[in-house]
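So you can see what is in the structure, the chains are spelled out below.
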Amino acid sequence: MDLTTLAATSAEPTGFTAWVISVMEALGGPGAGMIVALENLFPPIPSEVILPLAGFTASQGNMSVIGAILWTTLGSLVGALALYGIGATLGRDRTRAIAAKIPLVKISDIDRTEAWFAKHGIKAVFFGRMIPLFRSFISLPAGVERMRLTTFALFTTLGSLIWNTVFVLAGYLLGQNWYLVEEYAGLFSRAVLITAVLTVAAFIAIRIRNNRRERQLSEAPTVRLARVHAEAPTEEIRRIR
């Protein structure tokens, strides 16, 4: 078996991959957009697989590559707007109330997050669309903080357009070898996930340590100082006439 045959065999679509291709072949660009919208709402569905598959489907003549890019970007925007709506529905007060019930989370953490998002919200939305895992979740705080909808939509579209174009074109150019994109993108996704897990673990460890210190300080016995009574006799100063 030569390398070309081996690559084609390895790329034979099955399971979820076969379903994605069948939807895109049947519906064309709108099908690709629908699946990407679902990927935004359900992050476990990997865009690193869907987007190259859209490019691969375009290379087979079922839709144009430009159509694949535009429809997947529209799907990204629709999914992001849905999550934005969820965040806006929850609102700031309800989100703070929920966060306050989460162990190891303090209201001061929420305040700092709100301040950070107020300062860097546009950059967070734009660059967040190009980071696995966070590309979906970044829409929630944008909704909670009621970022201007036109601003949110604009930078979500721009960030998604860049991300989608790279992966759709890669799938289009690689054709039957589209799975190579998934392999390399998977490494990046795992690196991001590991970094996120380590960051959360560090946060939990630091918070537990600080809470333990605060508890020890609050339970430490206080030293009571004895009252000093001024009982020394006063000297009477005689007036000199």
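Refer to the structure presented above.
Small disclaimer: the values here were computed from a predicted structure and weren't measured. (Residues numbered from 1 in each chain as written. Predicted model: local features only at pLDDT ≥ 70, side-chain atom pairs only at ≥ 80, totals over all residues. Heavy atoms only, no water.)

Some remarks on the overall build of the protein
How we decide: Numbering of helices and strands starts at the N terminus; helices are DSSP runs of H or I of at least 4 residues and strands are runs of E of at least 2. The contact criterion used is simple: two residues touch if any of their non-hydrogen atoms lie within 4.5 Å. Throughout, the Shrake-Rupley method with a 1.4 Å probe supplies accessible areas, and for residues the shown protein chains are the sole cover considered.
Scanning the protein for helices and strands turns up 10 helices and 0 strands. Secondary structure elements of the protein occur, N-terminal to C-terminal, as α-α-α-α-α-α-α-α-α-α. When contacts within the protein are restricted to residue pairs at least 6 apart in sequence, long-range pairs at least 24 apart make up 76% of them. When the accessible surface of the protein is totalled, it reaches about 15,300 Å², and 66% of it is carbon and sulfur.

Comments concerning the side chain of Thr 156
Spelled out, the test is: The buried label goes to any residue with under 20% of its type's maximum accessible area, the exposed label to any with over 50%, and the partly exposed label to all in between, with areas taken from a 1.4 Å probe on protein chains only.
Along the chain, Thr 156 falls in helix 9 (residues 149-174). For Thr 156, a relative accessible area of 0% corresponds to the buried category. Among all residues touching Thr 156, those that are not within four sequence positions of it are Leu 77, Ala 80, Val 125 and Arg 129.

Side note on the nonpolar core
The following threshold applies: Here, nonpolar core refers to any group of buried Ala, Val, Leu, Ile, Met, Phe, Trp, Tyr and Cys residues whose side-chain atoms link them within 4.5 Å.
Residues Met 24, Ile 35, Leu 51, Ala 54, Met 63, Ala 68 and Val 168 are the most contacted members of the largest nonpolar core, which totals 23 residues. Those elements that provide at least two residues to this core are helix 2 (15-27), helix 3 (29-41), helix 4 (47-59), helix 5 (65-100) and helix 9. Broken down by element, the residue count for this core peaks at 7 residues, all from helix 4. Beyond its immediate sequence surroundings of up to four residues, Val 168 is in contact with Leu 51, Ala 54, Gly 55, Val 65, Ala 68, Ile 69 and Thr 72. Core analysis: the next-biggest nonpolar cluster, separate from the first, contains 9 residues, Tyr 84, Ala 124, Ala 142 and Met 147 among them.

With respect to the packing of helix 4 against helix 9
Rule in force here: Here an axis means a line fitted to C-alpha atoms, over the contact stretch when the element is a helix, while the angle between two N-to-C directions is reported on a 0 to 180 degree scale. Each angle is binned into one of four classes, with values under 35 degrees roughly parallel, values over 145 roughly antiparallel, values of 65 to 115 roughly perpendicular, and all other values oblique. Handedness of a crossing is defined here by the sense of rotation of the near helix relative to the far one, left-handed for an anticlockwise turn of less than a right angle and right-handed for a clockwise turn.
Relative orientation of the contacting elements helix 4 and helix 9 amounts to 50°, with a least axis distance of 6 Å. The pairing of helix 4 with helix 9 is recorded here as oblique in orientation. Handedness of the crossing formed by helix 4 with helix 9: right-handed. Each of Ser 47, Glu 48, Leu 51, Pro 52, Ala 54, Gly 55, Phe 56, Ala 58 and Ser 59 in helix 4 lies in contact with helix 9, whose residues at this interface are Trp 163, Asn 164, Phe 167, Val 168, Gly 171 and Tyr 172.

Quick look at unusual backbone geometry
Of note in this structure, Arg 146 is not a glycine but carries a positive phi near 55°. Relative to the assigned elements, Arg 146 resides in the loop between helix 8 (139-144) and helix 9.

Some words on helix 3
Keep this limit in mind: The length a helix should cover is 1.5 Å for every residue beyond the first.
Compared with the 18 Å implied by 1.5 Å per residue over 13 residues, the 19 Å span of helix 3 between its first and last C-alpha is a close match. Those residues of helix 3 lying buried are Gly 29, Gly 31, Ala 32, Gly 33, Ile 35, Val 36, Ala 37, Glu 39 and Asn 40.

What to know about helix 4
With 13 residues, helix 4 should cover 18 Å at 1.5 Å per step; its first-to-last C-alpha distance of 18 Å lies within 8% of that length. For helix 4, a buried count of 12 out of 13 residues is recorded, marking the element as mostly surrounded by other parts of the structure. Turning to helix 4, its buried residues number three or more, namely Ser 47, Glu 48, Val 49, Ile 50, Leu 51, Pro 52, Leu 53, Ala 54, Gly 55, Phe 56, Thr 57 and Ala 58. Downstream of helix 4 by a residue or two, Gly 61 has a phi angle that is positive, lying close to 90°.

With respect to the packing of helix 3 against helix 4
We count it as follows: Residue type decides the class: Asp, Glu, Lys and Arg count as charged, Ala, Val, Leu, Ile, Met, Phe, Trp, Tyr, Cys and Pro as nonpolar, and the leftover types, Gly among them, as polar.
Two elements in contact, helix 3 and helix 4, have axes whose closest approach is 10 Å; the angle formed by their N-to-C orientations is 170°. What the angle tells us is that helix 3 and helix 4 run roughly antiparallel. In this structure, helix 3 uses Ala 32, Ile 35, Val 36 and Glu 39 to contact helix 4, whose residues at the interface are Ser 47, Ile 50, Leu 51 and Ala 54. Considering only residue class, the contact of helix 3 with helix 4 consists of 6 nonpolar, 1 polar and 1 charged.

Looking at a nonpolar patch on the surface
For clarity, the cut-off: Each patch is built from residues lacking any salt bridge and having more than 30% relative accessible area; the joining distance is 9 Å for like charges and 5 Å for nonpolar side chains (Val, Leu, Ile, Met, Phe, Trp, Tyr). Throughout this description, the term salt bridge denotes a Lys or Arg side-chain nitrogen within 4 Å of a carboxyl oxygen of Asp or Glu.
Judged by side-chain polarity, Phe 16, Trp 19, Leu 27, Met 34, Leu 38, Leu 41 and Phe 42 come together as a nonpolar surface patch covering roughly 630 Å² of accessible area. Put simply, the parts of the chain that give the nonpolar patch at least two residues each are helix 2 and helix 3. Position of Leu 27 among the secondary structure elements: in helix 2. By relative accessible area, Leu 27 is classed as partly exposed at 48%.

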